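Coordinate analysis (summary)
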Amino acid sequence: MEFGVTVGDSIDRVEATASAGAFDFAEFGLGETADLSAAVDGDRLDAARAGHDLDLAVHLPFKQVVATPVPEINDAIVDFQERLLAWAGERGARKAVLHATQRNPHDTDLRETFADQLARIVAAGERHGVEVVVENVGHQAKGLQLSVLADIADDVDAPVCFDVGHAYVEDGNEGVDRFLGACADRVSHLHVHDVRGRGDTHMPLGAGEVDFDILTERLGDFDGTVAVEVFSDDTALLRDSAGRIADVLGAEF
């Protein structure tokens, strides 16, 4: 099991994560840009990691939906994501997180299109040596519901990034338990942060209401990657959250 931290699109945070020496990887966010070569200093990103043997994961643009009713737009979405995956693969990224979104998540006729699009993007990642993991965002306006995502991921054999906090916001601890009961064997990557019922999220573990003991039961054999997604630059706080989730999963950090 490997532990990392999400850093948004900040190379400064990659450098701070590398210097801390506590984490195995950084998850770097690719913004909504048409030209990565201009938006991201790839040489600096590579140097920040290389000096500390820090692996890389990426988060694909979160505003870009996966599926629309328009075939030409869908083709362009896949082409766009493949270009980003090629860039990530060149930098040695091992995983890429993709939000499970479609233009209208309540349009049941569009779900087959989403499944086809997801399969195409997963295959594009494979061509560039990057595992695409689809993330649950059913609490967001364009996100597919947990139960729908579980079925589609199974249908197209797609690995999952399970965001525990997102699942709690969508459907409480019961939703966390139900999804993992149906889909635990598909989870390759975890996003962990705590949440309170009033809507506070991306908090340090232990500060909210998520029952992380559910993961002990449902993910007893988990051997994937875990990204701490706590919105803080406090390395000690991030390390504490990583240690807590390691304890939950019976691992060492």
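Source: prediction; values computed, not measured.

1. Considering the packing of aromatic side chains
- Enumeration over the complete set of coordinates arrives at 3 aromatic pairs.
- Between Phe3 and Phe253, the aromatic rings sit 5.6 Å apart at their centres with planes inclined by 75°, giving edge-to-face as the arrangement. Note that Phe3 is positioned in strand S1 (residues 2–6) and Phe253 in the segment after helix H9 (235–248), a separation of 250 residues in sequence.
- Phe3 sits in the buried class, given a relative accessible area of 1%.
- On the basis of relative accessible area, Phe253 is assigned to the partly exposed category, the value being 38%.
- For the pair Phe23 and Phe253, a centre-to-centre distance of 5.4 Å together with 45° between the ring planes defines the contact as tilted. One end of the pair, Phe23, is in the loop between helix H1 (11–20) and strand S2 (25–29); the other, Phe253, is in the segment after H9, with 230 residues separating them in the sequence.
- Here the aromatic residues Phe3, Phe23 and Phe253 are joined through ring pairs into a cluster of three or more.

2. Some thoughts on the nonpolar core
- Ranked by internal contacts, the top residues of the largest apolar core, which has 78 residues, are Phe162, Leu190, Leu215 and Ile245.
- Looking at which element gives the most residues to this core, the answer is helix H7 (residues 164–183), with 7 residues.
- Look past the residues within four positions of Phe162 in its chain and what remains in contact with it is Asn136, Leu146, Ala167, Val176, Phe179, Leu180, Val187, His189, Leu190 and His191.

3. Here's the deal with the sheet that holds S1
- With respect to topology, 8 strands assemble into a closed barrel ordered S1-S2-S3-S4-S5-S6-S7-S8, the strand pairing being parallel. Averaged over all pairs of adjacent strands, the angle between their axes in this sheet comes to 25°, without regard to strand direction.

4. Quick word on the environment of Ala50
- Within the fold, Ala50 resides in helix H3 (residues 42–50).
- A relative accessible area of 63% places Ala50 in the exposed class.
- Distance from Ala50 to Ala18, taken between C-alpha atoms, is 8.9 Å for residues 32 residues apart in sequence.

5. Some thoughts on the environment of Val5
- Mapped onto the secondary structure, Val5 falls in strand S1.
- Accessibility expressed as a relative area gives 1% for Val5, which makes it buried.
- C-alpha separation for the pair Val5 and Ile152, spaced 147 residues apart in sequence, amounts to 27 Å.
- Ignoring sequence-local partners within four residues, the contact set of Val5 consists of Arg13, Thr17, Phe23, Phe25, Ala26, Glu27, Val228 and Leu238.

Calculation rules
Residues numbered from 1 in each chain as written. Predicted model: local features only at pLDDT ≥ 70, side-chain atom pairs only at ≥ 80, totals over all residues. Heavy atoms only, no water. Phe/Tyr/Trp six-rings, centres within 6.5 Å; stacked < 30°, edge-to-face > 60°. Helix = DSSP H or I, 4+ residues; strand = E, 2+ residues; numbered from the N terminus. Buried < 20%, exposed > 50% of the residue type's maximum accessible area, 1.4 Å probe, protein only. Core = buried A, V, L, I, M, F, W, Y, C linked by side-chain atoms within 4.5 Å. Contact = heavy atoms within 4.5 Å. Pairing = 2+ DSSP bridges. Axes fitted to C-alpha atoms, helices over the stretch in contact; angles between N-to-C directions.

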